[in-house]
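# Structure at a glance
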Amino acid sequence: MSNKLEQKKDLDWASLGFEYVKTDFRFTASYENGVWSEGELITSEQMTVHEGAPALHYSQQCFEGLKAQTTKDGRVLLFRPDLNAQRLQDTADRLLMPQVPTELFLRGVEEAVRANYSWIPPYGSGAALYIRPFLIGVGDNLGLRPAKKYEFRVFVSPVGPYYKGEGLSIISLAVTDVDRAAPKGTGHVKAGSNYAGGLLATHKAKELGANEALYLDAAERIYLEEAGSANILLKMTGGRFVTPKSDAILPSVTRRSIMTIAKQELDLEIEERPVNFLKELPEIEEMAACGTAAVLSPVGKVWVNDQWTLFYGEGEKVGPTMQKLYDLLTQLQKGEREDIYGWTKEVVMD
Ligand code: PLP
Ligand code: COI
């Protein structure tokens, strides 16, 4: 492994933020006449698309996000990539795009990771390799109808924490008056258009000094949905561990994993159900946002009804339950403990 380590880029891994870093290779495959090409690695980070492409005009595009992490003994692990493949297929169905077969998705991810070995942050650096698979409708198409051609691409970028700060940084959220997703809309899939619509909410949240927007349901503005880039976890009084249930939120891989860990390893009573935010606010002991980029980020305070509501330790300390869950999740993702769930997948290097 020693000569492999010498192949690593000379980056200051510990000070990386969540920014695009150009790596050497990306994977691309194209779809035309009902058939996917084999796919290949290419070097250019640029894409040429037709000016009439539906991805540009009608947002016929979607994406995924997952990470590769290095273990202490130098192996490289993905976390539940099969769930990302499935979610991209669910998104493609909703946007009338062709599904990327699971085999092609996993091969694209693994090839992009393997080819960029030197960019995968080393164990203990606090950084990870973020993987961004995406699918776009290309080719000319003026009228409002699905594209005839598609491109599936996977690029990777070494990243640090999504929210700035050392290790487990405590974040703040601001309840927004902007809606992200309507019932029966596209909130449950990873369509890029969801994020364009959310930029204003994030902007307003940042103006209030919060890291990110927190959405309530668009129909009644009562029930908690999710943050702009993460699902929500709540430790309630009486040991209940709750996550909002809604047809308009993204089914987070991280959240589904944490709920399982909370039940199986912390013996918490887990509930996935609608959460009446204002009514249940006094019962919330600890709150966190979770996702691939956010990992598990404890929420210290929330802006709601023109004031800050503070959670555990008045927003300065991480609550004990969230700290334990963060440790259990990240130890698993970095291969620091036995993978009792079979969730990690090693990318075997050549
Ligand atoms: N919710 C939204 C809106 C997201 O963008 C993300 C990030 O992917 C998540 C939740 C978390 O999902 P996951 O844990 O699968 O990354
Ligand atoms: C992720 O966590 O992978 C996401 O896609 C969120 C994105 C807004 C950075």
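Each residue is numbered by its place in its chain's sequence as written, counting from 1. Here every chain gets a letter starting at A, and every ligand a number starting at 1, in the order they are written. Whole-chain, interface and lining totals are the exception, using all residues; otherwise, since this is a predicted model, local features are given only for residues with pLDDT of at least 70 and side-chain atom pairs are given and counted only at 80 or more. Hydrogens and waters are ignored; side-chain quantities use all the structure's heavy atoms.

If you look the protein chain up in an unreviewed UniProt entry, it shows as branched-chain-amino-acid transaminase from SAR324 cluster bacterium. UniProt positions are given in the numbering used here, feature names are shortened, and annotations may be inferred rather than shown by experiment. Word for word, the UniProt comment on the protein chain under Cofactor (unreviewed entry) is "pyridoxal 5'-phosphate". Of the protein chain, the UniProt comment under Sequence similarities (unreviewed entry) reads exactly: "Belongs to the class-IV pyridoxal-phosphate-dependent aminotransferase family."

A count of helical and extended segments in the protein chain gives 8 helices and 18 strands. Dimensions of the protein chain, computed from the C-alpha atoms along their principal axes, are close to 55 × 55 × 35 Å. Across the 350 residues in the protein chain, those meeting the buried criterion constitute 54%. Throughout, the Shrake-Rupley method with a 1.4 Å probe supplies accessible areas, and for residues the shown protein chains are the sole cover considered. Counting every atom, the protein chain has about 16,000 Å² of accessible surface; 49% of that belongs to carbon and sulfur. When the 39 positive and 48 negative side-chain charges of the protein chain are each reduced to one mean point, those points stand 1 Å apart. By the criteria applied, helices consist of DSSP H or I runs no shorter than four residues and strands consist of E runs no shorter than two, each listed in order from the N terminus. Only protein chains enter the accessibility calculation, which uses a 1.4 Å probe. A residue is then buried if its area is under 20% of the maximum for its type, exposed if over 50%, and partly exposed in between. His is not counted, nor are the chain ends; Lys and Arg add positive charge and Asp and Glu add negative charge. Charge positions are represented by NZ for Lys, CZ for Arg, CG for Asp and CD for Glu.

Geometry of aromatic contacts follows a simple scheme: Phe, Tyr and Trp rings, the Trp one being its six-membered ring, pair when their centres are within 6.5 Å, and the pair is stacked under 30 degrees between planes, edge-to-face over 60, tilted otherwise. Inspection of every chain in the model, using the stated rule, returns 14 aromatic pairs. Pairing Tyr-31 with Tyr-150 gives two aromatic rings, centres 6.0 Å apart and planes at 70°, and the pair type is edge-to-face. Here Tyr-150 lies in strand β8 (residues 149-159) and Tyr-31 lies in strand β1 (residues 26-32), a separation of 119 residues in the sequence. The residues Tyr-31 and Tyr-150 share a single accessibility class, namely buried. Through pairs of rings, three or more aromatic residues link up here, namely Phe-27, Tyr-31, Trp-36, Phe-105, Tyr-150 and Phe-152. A positively charged side chain is recorded as over a ring if its NZ (Lys) or CZ (Arg) lies within 6 Å of the ring centre. The angle to the ring normal must also be within 35 degrees. Cation over ring: Lys-301 sits above Trp-308, and NZ or CZ is 4.3 Å from the ring centre.

Close contacts around ligand 1 come from 16 residues, with Tyr-195, Glu-226, Ser-252, Thr-254 and Thr-292 the closest. Whenever two N or O atoms come within 3.5 Å, that pair is a polar contact, provided that in protein one can donate a hydrogen and the other can accept it, and provided that, for residues adjacent in sequence, both atoms are side-chain atoms. Within the side chain of Thr-292, an N or O atom sits 2.6 Å from an oxygen atom of ligand 1. For ligand 1, whose free accessible area comes to 380 Å², the fraction covered by protein is 96%. Mapped by element, the contributors of at least two residues to the shell around ligand 1 are α6 (253-264) and β15 (284-291). Side-chain classes follow a simple rule in which Ala, Val, Leu, Ile, Met, Phe, Trp, Tyr, Cys and Pro form the nonpolar group, Asp, Glu, Lys and Arg form the charged group, and the remainder, Gly included, forms the polar group. Across the shell around ligand 1, the residue classes tally to 5 nonpolar, 7 polar and 4 charged. If even one non-hydrogen atom of a residue comes within 4 Å of a molecule or strand, that residue is called near it.

Here we take up the site of ligand 2. Every residue close to ligand 2 is listed here: Phe-18, Phe-63, Gly-65, Tyr-130, Arg-132, Tyr-162, Lys-190, Ser-229, Thr-292 and Ala-293. Within the side chain of Lys-190, one N or O atom sits 2.8 Å away from an oxygen atom of ligand 2. One nitrogen or oxygen atom from the main chain of Ala-293 is found 2.9 Å from an oxygen atom belonging to ligand 2. The split of the chain into domains comes from an automatic or database domain assignment. The two domains that each donate at least three residues to the shell around ligand 2 are domain 1 (3-160) and domain 2 (171-333).

Here we take up the environment of Ala-210. Structurally, Ala-210 is set in the loop between α5 (192-207) and β10 (212-216). Under the relative-accessibility criterion, Ala-210 is labelled buried at 6%.

Let's shift gears to the environment of Pro-81. The topology assignment puts Pro-81 in helix α3 (residues 81-94). Using a relative accessible area of 2% as the deciding quantity, one classes Pro-81 as buried. The spatial distance from the C-alpha of Pro-81 to the C-alpha of Val-156 is 14 Å, given a sequence separation of 75 residues. Discounting residues that sit within four places of it in the chain, Pro-81 has contacts with Leu-66, Phe-105, Leu-106 and Lys-345. Contact criterion: two residues are considered in contact whenever any of their non-hydrogen atoms come within 4.5 Å of each other.

Bringing the side chain of Thr-91 into the picture now. Within the secondary structure layout, Thr-91 lies in helix α3. Excluding anything up to four places from it in sequence, Thr-91 contacts Cys-62, Val-189, Lys-190 and Ala-191.

Those places that UniProt annotates as "modified residue: N6-(pyridoxal phosphate)lysine" (unreviewed entry) correspond, in this numbering, to Lys-190. When you line up the elements, Lys-190 lands in the loop between β9 (171-175) and α5. Exposure remark for Lys-190: the relative accessible area of 9% places this residue in the buried category. In this structure Lys-190 touches Cys-62, Phe-63, Glu-64, Gly-65, Arg-87, Thr-91, Tyr-195 and Leu-250, once residues within four positions along its chain are discounted.

The relative placement of two packed helices comes down to the angle between their axes together with the axis-to-axis distance. It is at 10 Å that the axes of α6 and helix α8 (residues 320-333) come closest, and there the two elements cross at 110°. When the axes of α6 and α8 are compared, the pair comes out roughly perpendicular. Two packed elements cross with a definite hand, and for α6 against α8 that hand is right-handed. Every residue of α8 that contacts α6 at Thr-254, Ser-257, Ile-258, Ile-261 and Ala-262 is listed here: Leu-325, Leu-328 and Leu-329. For the contact of α6 with α8, the residue count by class is 6 nonpolar, 2 polar and no charged. Think of each axis as a best-fit line through the C-alpha atoms, taken over the contacting stretch in the case of a helix, with angles from 0 to 180 degrees between the N-to-C directions. Angles are sorted into four bins: roughly parallel if under 35 degrees, roughly antiparallel if over 145, roughly perpendicular if 65 to 115, and oblique for all others. Note on convention: near helix rotated counterclockwise from far helix by under a right angle means a left-handed crossing. Clockwise means right-handed.

With that settled, consider the nonpolar core. Grouped burial of nonpolar side chains is what soluble globular proteins tend to show. Residue types Ala, Val, Leu, Ile, Met, Phe, Trp, Tyr and Cys, when buried and joined through side-chain atoms within 4.5 Å, form a set referred to as a nonpolar core. Core analysis: the biggest nonpolar cluster contains 40 residues, and Trp-36, Phe-105, Val-113, Ile-131, Leu-135 and Phe-152 have the highest contact counts within it. The set of elements that each furnish at least two residues to this core consists of β1, β5 (66-70), β6 (76-79), α3, α4 (102-115), β7 (128-138) and β8. Setting aside residues no more than four positions away along its own chain, Leu-135 makes contact with Trp-36, Gln-60, Gln-61, Cys-62, Ala-92, Met-97, Pro-98, Val-100, Tyr-150, Glu-151 and Phe-152.

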